[in-house]
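One letter stands for each residue in the lines below.
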Amino acid sequence: MPVPAPIAVAPGTDVDQAWQVALPLPLPRLFDYAPAEGVNLAAVGCRVRVPFGPHQRVGVIAGIGPVSADAPPLRPAIALLDRMPLFHGELLASLRWLARYTHASLGDVFETALPAALRRGEALPDTRAWAWQLSAEGSVALERMRPGAPRRLAEQLAGGPRAEAQLDDALPGWRAAARTLARRGLAVRSALAATAMP
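Predicted model only: the values in this text are computed from it and were never measured.

Some details on the sheet that holds strand 7 (residues 79-80)
Phase 1 of the analysis: As summarised here, the arrangement of the 5 strands in space is 3-2-6-5-7, forming an open sheet in which the pairing is antiparallel. Strand pairing shows two members of the sheet lacking a second neighbour, strand 3 (31-33) and strand 7, which therefore form its edges.
Phase 2 of the analysis: Bridging between strand 5 (residues 47-52) and strand 7 involves 2 bridges; their strand directions are antiparallel. Within strand 7, the residue paired with V48 across the bridge is L80.

So, a nonpolar patch on the surface
Phase 1 of the analysis: On the surface, a cluster of nonpolar side chains totalling about 350 Å² of accessible area is made up of W97, L98 and Y101.
Phase 2 of the analysis: The residue L98 is located in helix 1 (residues 89-102) in this model.
Phase 3 of the analysis: L98 sits in the partly exposed class, given a relative accessible area of 34%.

A word on the confidence of the model for the protein chain
Phase 1 of the analysis: For the protein chain, mean pLDDT is 85; residues scoring 70 or higher make up 89% of the total.
Phase 2 of the analysis: Here strand 1 (residues 7-8) stands out as the element of the protein chain with the lowest mean pLDDT, 44, in contrast to helix 2 (residues 106-113), whose mean of 96 is the highest.
Phase 3 of the analysis: Across residues 1-14, where pLDDT falls below 50, the model places 33 contacts with residues more than four positions away in sequence or in other chains.

What to know about the pairing of strand 2 (residues 17-22)
Phase 1 of the analysis: Both strand 2 and strand 6 (residues 55-66) contribute to a ladder of 6 bridges, which runs antiparallel. Directly across from A22, in strand 6, lies its bridge partner V60.

Structural notes on unusual backbone geometry
Phase 1 of the analysis: In this model, H103 sits at a positive phi of 55°, which is unusual for a non-glycine residue.
Phase 2 of the analysis: Mapped onto the elements, H103 comes out in the loop between helix 1 and helix 2.
Phase 3 of the analysis: You can call H103 exposed: its relative accessible area is 74%.

Here's the deal with the packing of aromatic side chains
Phase 1 of the analysis: In this structure the tally under the stated criterion is 4 aromatic pairs.
Phase 2 of the analysis: Seen in terms of ring centroids, F31 and F52 are 5.3 Å apart; in terms of plane orientation they differ by 85°. Their pairing is edge-to-face. With F31 in strand 3 and F52 in strand 5, this residue pair connects regions lying 21 residues apart in the sequence.
Phase 3 of the analysis: Note on F31: relative accessible area 9%, which makes it buried.
Phase 4 of the analysis: Between F87 and F110 the ring centres are 5.0 Å apart and the planes differ by 10°, which places this aromatic pair in the stacked class. Remark: F110 occurs in helix 2 and F87 occurs in the loop between strand 7 and helix 1; sequence separation between them is 23 residues.

A short note on helix 5 (residues 149-157)
Phase 1 of the analysis: Inspection of helix 5 places R151, L153, A154 and L157 among the buried residues, and these make up the whole buried set. What you see down the axis of helix 5 is that its buried residues fit within an arc of 160°, all on one side.

Digging into the packing of helix 5 against helix 7 (residues 174-183)
Phase 1 of the analysis: Remark: helix 5 packs on helix 7, axes separated minimally by 8 Å, with the N-to-C direction vectors making an angle of 85°. When the interaxial angle is binned, helix 5 and helix 7 end up roughly perpendicular. Together, A149, P150, L153 and A154 of helix 5 and W174, A177, A178, T180 and L181 of helix 7 make up the contact between the two elements.
Phase 2 of the analysis: Partitioning the contact of helix 5 with helix 7 into residue classes produces 8 nonpolar, 1 polar and no charged.

Re the packing of helix 1 against helix 2
Phase 1 of the analysis: Orientation of helix 1 relative to helix 2, taken along the N-to-C sense of each, is 130°, at an axis distance of 9 Å. Compared by their axis directions, helix 1 and helix 2 come out oblique. Helix 1 and helix 2 meet at a crossing whose hand is right-handed. Here L92, L95, R96, L98 and A99 of helix 1 come into contact with helix 2, specifically with L106, V109, F110 and A113.
Phase 2 of the analysis: Split by residue class, the contact of helix 1 with helix 2 holds 8 nonpolar, no polar and 1 charged.

Analysis parameters
- Residues numbered from 1 in each chain as written.
- Predicted model: local features only at pLDDT ≥ 70, side-chain atom pairs only at ≥ 80, totals over all residues.
- Heavy atoms only, no water.
- Pairing = 2+ DSSP bridges.
- Helix = DSSP H or I, 4+ residues; strand = E, 2+ residues; numbered from the N terminus.
- Patch = residues over 30% accessible without salt bridge, like charges linked within 9 Å, V, L, I, M, F, W, Y side chains within 5 Å.
- Areas by Shrake-Rupley, 256 points an atom, 1.4 Å probe, with all protein chains shown as cover.
- Salt bridge = Lys/Arg side-chain N within 4 Å of Asp/Glu carboxyl O.
- Buried < 20%, exposed > 50% of the residue type's maximum accessible area, 1.4 Å probe, protein only.
- pLDDT = per-residue confidence, 0-100.
- Contact = heavy atoms within 4.5 Å.
- Phe/Tyr/Trp six-rings, centres within 6.5 Å; stacked < 30°, edge-to-face > 60°.
- Arc of directions from axis to C-beta.
- Axes fitted to C-alpha atoms, helices over the stretch in contact; angles between N-to-C directions.
- Parallel < 35°, antiparallel > 145°, perpendicular 65-115°, else oblique.
- Nonpolar A, V, L, I, M, F, W, Y, C, P; charged D, E, K, R; others polar.
- Left-handed = near helix turned anticlockwise from the far one by under 90°.

Right, here's the structure in full:
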């Protein structure tokens, strides 16, 4: 299921949209906050750090809605912690159902579904993918390689790094050729950020 696109919200003091935040508290309600300063986009399912009494809490945006005309001024959220929602689609619907079924607060259910580091508001770990690419020597040696699996792999890598999953699809049995190229110093395996992969 595709991830929903972030929803535009109005930043600043003239707030016409509020973040409805589910906090890990035994209260069956959501708490309205003005968008964090400098944040124009948010999505349901993203974590957010908000002030709550004298403390700060990490909650999850459960809705984005209009501010009623008679509402008191909203406190702004401190920070939006995720660029894309952690909960969306079927998972979000299932967690909402679980909260209703168990008569638990939605914030408690969201907190239970998150790993401890994310509950504390830490950043998402950087996702990396293993990839292969030609070394400088490999780029020079490509034209002189004899026909065979190592040359076919080198030709695949000539356009830039290729994820191992891409190589599995494009060139079955490529791993033996990769070991050969690596032993000769013609190709290297590296961990690249998944967002940097083509």
